[in-house]
Amino acid sequence: MRFLIVLVLLGGCIKAPEIVMVDRATALEQQASGSFDALEKDVAVGALNARSLPLTPNQLEALGIMPAPIIDQTELTEPDRVDALLRQHCVGEGKDGLLVDTNDDCIGAADRGQALLLIDRTNRARVQLWQWMQKERPDQSVDALREKWREQHARGVVCRAWVQKPDGSWGPKEC
């Protein structure tokens, strides 16, 4: 019995060893994994050096970033500005001969307020032109003259301009 008590008392003194964690791999693991010091250095340096992402012009336009204009924008005439908005699909050539606000289809950044002013001025000028044409040719209706004017005008509309098709849908003008 004494022997049992001695064993119990000694059992209390015996402890499991503490677990020791080593953060380094063994020599065998290091040899098996290889050495990537140069690659690790390149990754670390690359993360610190800021650089631009290579984006295409279409991707930039989709983000609303327009490239710097080649010519001075202050020298553009109103028809030049309308042509630019037609190419961006912010303005469309309606099948009735008038310009239409198509801002929902707009590609890139554009000032909608300026576009609406251009649409209003251009449409007013077109209506006045059709009225003058009707005074010069009283035997023809304004609608007939407008349709003839529209056919001639459509030939001179810039390529890729947003135009309304006879069925009412919108699409770019093919050249």
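Residues numbered from 1 in each chain as written. Predicted model: local features only at pLDDT ≥ 70, side-chain atom pairs only at ≥ 80, totals over all residues. Heavy atoms only, no water.

1. Here we look at the overall build of the protein
Along its length, the protein carries seven helices and four strands. For the protein, the sequential pattern of α-helices and β-strands runs α-α-α-α-α-β-β-α-α-β-β. When the 175 residues of the protein are sorted by exposure, 19% land in the buried category. When contacts within the protein are restricted to residue pairs at least 6 apart in sequence, long-range pairs at least 24 apart make up 45% of them. Approximately 13800 Å² of the protein is accessible, and the part contributed by carbon and sulfur atoms is 59%. (Helix = DSSP H or I, 4+ residues; strand = E, 2+ residues; numbered from the N terminus. Buried < 20%, exposed > 50% of the residue type's maximum accessible area, 1.4 Å probe, protein only. Contact = heavy atoms within 4.5 Å. Areas by Shrake-Rupley, 256 points an atom, 1.4 Å probe, with all protein chains shown as cover.)

2. Considerations on the confidence of the model for the protein
For the protein, the average pLDDT comes to 80, and 79% of its residues sit at 70 or higher. The secondary structure element of the protein with the lowest average pLDDT is helix α1 (residues 2-13), at 60, and the one with the highest is strand β1 (residues 91-93), at 92. (pLDDT = per-residue confidence, 0-100.)

3. Section: the state of the cysteines
Simply put, the disulfide is a covalent bond whose two ends are the sulfur atoms of two cysteines. Considering all chains together, one arrives at two disulfides under this definition. With a sulfur-sulfur separation of 1.8 Å, Cys90 is cross-linked through a disulfide to Cys106. Highlighted residues: Cys90 in the loop between α5 (78-87) and β1 and Cys106 in the loop between β2 (99-101) and α6 (112-136), separated in sequence by 16 residues. Cys90 sits in the buried class, given a relative accessible area of 2%. Indicated for the protein is the disulfide connectivity 1-2, 3-4, based on numbering the bonded cysteines in sequence order. (Disulfide = S-S within 2.5 Å.)

4. Section: the sheet that holds β1
Spatially, β2-β1-β3-β4 is the arrangement adopted by the four strands of the open sheet, whose pairing is mixed. Both outer strands of the open sheet, β2 and β4 (170-172), are each paired with one neighbouring strand and no more. For this sheet, the mean angle separating the axes of adjacent strands, direction not counted, is 40 degrees. Where strand β3 (residues 162-164) lies against β4, three bridges are found, and the strand directions are antiparallel. (Pairing = 2+ DSSP bridges. Axes fitted to C-alpha atoms, helices over the stretch in contact; angles between N-to-C directions.)

5. Some points on the pattern of salt bridges
For the structure on display, the rule yields five salt bridges. Note that Arg126 and Glu93 form a salt bridge whose closest N and O atoms lie 2.9 Å from each other. Residue Arg126 is located in helix α6, and its partner Glu93 is located in strand β1; the two are separated by 33 residues in the primary sequence. Note on Arg126: relative accessible area 8%, which makes it buried. Residue class for Glu93 comes out buried when judged on its relative accessible area of 7%. The closest approach of N and O atoms between Arg146 and Asp143, which form a salt bridge, is 3.4 Å. With Arg146 and Asp143 both in helix α7 (residues 142-156) and three residues apart, the pair spans about one turn of that helix. Look at Arg146 and you get partly exposed, because its relative accessible area is 26%. (Salt bridge = Lys/Arg side-chain N within 4 Å of Asp/Glu carboxyl O.)

6. Considering a nonpolar patch on the surface
The grouping of Leu53, Leu55, Leu63 and Ile65 at the surface amounts to a nonpolar patch, some 420 Å² of accessible area in total. Checked against the element boundaries, Ile65 lands in the loop between α4 (57-62) and α5. On the basis of relative accessibility, which here comes to 45%, the residue Ile65 falls in the partly exposed class. (Patch = residues over 30% accessible without salt bridge, like charges linked within 9 Å, V, L, I, M, F, W, Y side chains within 5 Å.)

7. Some thoughts on the packing of α5 against α6
In contact at an axis separation of 10 Å, α5 and α6 are set at 120 degrees when each is read in the N-to-C sense. Taken together, the axis directions place α5 and α6 in an arrangement best described as oblique. Every pair of crossing elements has a handedness; the one defined by α5 and α6 is left-handed. The segment α5 lies against α6, with Glu78, Arg81, Val82 and Leu85 engaging Ala115, Leu118, Arg121 and Thr122. Looking at the contact of α5 with α6, its residues break down into four nonpolar, one polar and three charged. (Parallel < 35°, antiparallel > 145°, perpendicular 65-115°, else oblique. Left-handed = near helix turned anticlockwise from the far one by under 90°. Nonpolar A, V, L, I, M, F, W, Y, C, P; charged D, E, K, R; others polar.)

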